[in-house]
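An overview of the molecular structure
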Amino acid sequence: MQKSLNQGIVIGGTHSGCGKTTITMGLNRALKNRGVDVQPWKAGPDYIDPGFHSIAAGRICRNLDTMILGDEVVREIYSRQNCELSVVEGVMGLFDGAGGRDERGSAAHLSKLLKLPVILVIDARSMARSAGAIALGYDRFDPDVNVAGFILNRVGSTRHYAMVKEAVEDATGKPVLGAIPRDNTIEMPERHLGLVPVWEKEEEFSKSLDYLASLMEEHIDMDLLLTIASQAEALPEPVHSVFNPALAAAPSVRIAVAKDAAFHFYYEDNLDLFRHCGAEVVYFSPLADASLPEGTDAVYIGGGYPELHPRTLSENRSLIEEIRSCCNSGMPLFAECGGFMYLTEGIADEKDRFYRLLSLLPGQTRLGNKVRALGYCEAVFRKDTVLGSKGETARGHVFHWAGLEAVPEEAEKALDVRKGDDTIREGFTWKNVLGSWVHLHFASNPPMAAAFIASAARYRRNCV
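Since the model is a prediction, treat every value here as computed from it, not as a measurement.

**A short note on the packing of aromatic side chains**
What the rule picks out here adds up to 16 aromatic pairs. Centroid distance Trp41 to Tyr78: 5.3 Å. Interplanar angle 40°. Geometry classified as tilted. Within this pair, whereas Trp41 is found in strand β2 (residues 38-43), its partner Tyr78 is found in helix α3 (residues 71-79), the two being separated by 37 residues in sequence. We classify Tyr78 as buried; its relative accessible area is 0%. Chaining the aromatic ring pairs together yields one cluster made of Tyr266, Phe274, Tyr300, Phe334, Phe442 and Phe452. The cationic tip of Arg80 hangs over the ring face of Phe243; the distance from NZ or CZ to the ring centre is 3.7 Å.

Put into structure tokens, the structure is as follows:
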């Protein structure tokens, strides 16, 4: 559904760690508390921040990524959400993207593509007049980016705020909407893949959101922010190339999606594409559920933290045996990253204790002490799979610390994964099972969703 008006803002930052995620969460909750139907967005392939923004805004946060998807596809995904106001959290610094001369993937690129004004977050610690120079540089760096105002973060005192505000406004002629005081109680906890997922501390997090919202109401000119958001330019009617009406179908199969503390990393647009192409999406927990949802025709297991729950996953033998039996009978199953780990023989922990898992695909996984792979990639199918035929391509990203060990030499790899100038062969198939380290975005190749559903429909017919 297309928005009737393009009202929104991009929350950009001068650099990673300047506080834009916390401020965006607070703004989302403050706007929700005001009765605004706010749609949260996150630039880039991040899965952690969208979980926070979803609870803050009361609507599922979605990703916008010009590195994985073309400009028209990003506009299409953005325009599908009917809301009063969009709040897009940027990634890294405002202009940080694919390279020193390449804006793709940056918050600045999104702001131009979606015709949204930018509110820039400046970490004001240990500076005063210099903040004016920083603000001026960001304001003038790209004349096509509408930096409409500034929010100062980690301000030390009323006097400090006055000095920085004066410097920024004198330098740019644009307003400072307010300043968030330095407060160590609102720092976010982290772990090896980023921020701790909201699922693990949801009750605690929910209690803190209204506090963040009160900070925004007390220290930020929310009325001015809404005025700036209302000045976003209208967007042209998007081309419906991904959610093509020709692919639309009534639900005919049921896809069970793993979702719990072990598995929760998904592009929401992947699930939307399943629904659009004729699937009912239902959820289950590999940690807690003894069986798949009734009537399951296919399974999708995304990324997450299975390495933090290997014993519980391994001890849920009834679910493991059911999935194995269904896959042996031809049920389609697609798993990525953490889900891929669940499909292997098992996980070895830091004390070399081994926890046996599905054993549908070869190898054993072990968590390392450094990142094994990180970045955008293109995957080419080396053989026919439940998502596509040999030679087809799709884009996505990789980010994992775990590695795969004890893989038989004769095991045939399923994908050629191109990352920059390098190509790595990885992933495996077995019957209608596909697993790899790559987080694929189905909108980069929409027929993948339809292919998976078609495979699920064949399985359903065979089981009747």
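**Re the nonpolar core**
The biggest cluster of nonpolar side chains holds 146 residues, and the ones touching the most others in it are Leu94, Ile255, Phe274, Tyr342, Leu343, Leu387 and Phe442. In terms of residue count, the dominant contributor to this core is helix α13 (residues 447-463) (7 residues). Non-local contacts of Phe274, meaning those with residues more than four positions away in its chain, are made with Ile255, Ala279, Val281, Tyr300, Phe442, Ala449, Phe452 and Ile453.

**Some words on the sheet that holds strand β13 (residues 298-301)**
With respect to topology, 6 strands assemble into an open sheet ordered β12-β10-β13-β15-β25-β24, the strand pairing being mixed. The open sheet is flanked by β12 (279-284) and β24 (428-430), the only strands paired with a single partner. Direction aside, the axes of adjacent strands within the sheet are offset by 15° on average. Running over the sheet, helix α9 (residues 268-276) touches β10 (253-258), β12 and β13 and is turned about 135° from β12.

**So, the side chain of Asn445**
Structurally, Asn445 can be placed in the loop between β26 (439-440) and α13. Judged by relative accessible area, Asn445 falls into the buried class, the value being 10%. A distance of 2.9 Å separates a polar atom in the side chain of Asn445 from the backbone oxygen of Thr393.

**Description of the confidence of the model for the protein chain**
Per-residue confidence for the protein chain gives a mean pLDDT of 93; residues scoring 70 or more make up 94%. Confidence over residues 189-193 falls short of pLDDT 50; this stretch has 19 contacts with residues more than four positions distant or in other chains.

**Remarks on the pairing of strand β1 (residues 8-13)**
Most of β1 sits out of view: 6 of its 6 residues are buried. Of the two faces of β1, both are covered, the one formed by Gly8, Val10 and Gly12 as well as the one formed by Ile9, Ile11 and Gly13. With 4 bridges joining them, β1 and strand β4 (residues 85-89) adopt parallel strand pairing. Counted as the bridge partner of Ile9 is Val87 from β4.

**Side note on the pattern of salt bridges**
Following the criterion strictly, the structure yields 30 salt bridges and no others. Between Arg80 and Asp272 there is a salt bridge, with its nearest N and O atoms 3.7 Å apart. Highlighted residues: Arg80 in the loop between α3 and β4 and Asp272 in helix α9, separated in sequence by 192 residues. What makes Arg80 partly exposed here is its relative accessible area of 24%. A salt bridge links Lys112 to Asp142; its shortest N-O distance comes to 2.8 Å.

**Some thoughts on unusual backbone geometry**
Although it is not a glycine, Ser359 sits at a positive phi angle of roughly 60°. The exposure class of Ser359 is partly exposed, given its relative accessible area of 27%. Phi angles above zero are rare outside glycine, and Ala406 is one such case at about 55°. Among the secondary structure elements, Ala406 is positioned in the loop between β21 (402-405) and β22 (415-419).

**What to know about the packing of helix α1 (residues 20-33) against helix α2 (residues 48-57)**
Where α1 meets α2, the closest approach of the two axes is 7 Å, and the angle between their N-to-C directions is 20°. The angle between the axes of α1 and α2 places the two elements in the roughly parallel class. The two elements α1 and α2 meet at a crossing, and its hand is right-handed. Contact residues: Thr21, Thr24, Met25, Asn28, Arg29 and Lys32 in α1; Asp49, Phe52, His53, Ile55, Ala56 and Ala57 in α2. Per-class residue counts for the contact of α1 with α2 are 5 nonpolar, 4 polar and 3 charged.

**Quick notes on the environment of Trp437**
Here Trp437 shows up in the loop between β25 (433-436) and β26. Spatially, the C-alpha atom of Trp437 lies 7.5 Å from that of His400, the residues being 37 residues apart in sequence. Sequence-distant contacts of Trp437, defined by excluding residues within four places in its chain, comprise Cys337, Phe340, Met341, Thr365, His397, Val398, His400, Ala402, Gly403, Leu404 and Glu426.

**Notes on the sheet that holds strand β7 (residues 176-181)**
Read across the sheet, 7 strands follow the order β3-β2-β4-β1-β5-β6-β7 without closing on themselves; strand pairing throughout is parallel. Edge positions in the sheet fall to β3 (62-64) and β7, since each of these pairs with one other strand and no more. Along the sheet, successive strands turn relative to each other by an average axial angle of 25°, direction set aside. The strands touched by α2 within the sheet are β2, β3 and β4, with β2 carrying the most contacts at an inclination of about 170°.

Parameters and conventions
- Residues numbered from 1 in each chain as written.
- Predicted model: local features only at pLDDT ≥ 70, side-chain atom pairs only at ≥ 80, totals over all residues.
- Heavy atoms only, no water.
- Phe/Tyr/Trp six-rings, centres within 6.5 Å; stacked < 30°, edge-to-face > 60°.
- Helix = DSSP H or I, 4+ residues; strand = E, 2+ residues; numbered from the N terminus.
- Buried < 20%, exposed > 50% of the residue type's maximum accessible area, 1.4 Å probe, protein only.
- Lys NZ or Arg CZ within 6 Å of the ring centre and 35° of its normal.
- Core = buried A, V, L, I, M, F, W, Y, C linked by side-chain atoms within 4.5 Å.
- Contact = heavy atoms within 4.5 Å.
- Pairing = 2+ DSSP bridges.
- Axes fitted to C-alpha atoms, helices over the stretch in contact; angles between N-to-C directions.
- Polar contact = N/O pair within 3.5 Å; in protein donor to acceptor, adjacent residues only side chain to side chain.
- pLDDT = per-residue confidence, 0-100.
- Salt bridge = Lys/Arg side-chain N within 4 Å of Asp/Glu carboxyl O.
- Parallel < 35°, antiparallel > 145°, perpendicular 65-115°, else oblique.
- Left-handed = near helix turned anticlockwise from the far one by under 90°.
- Nonpolar A, V, L, I, M, F, W, Y, C, P; charged D, E, K, R; others polar.

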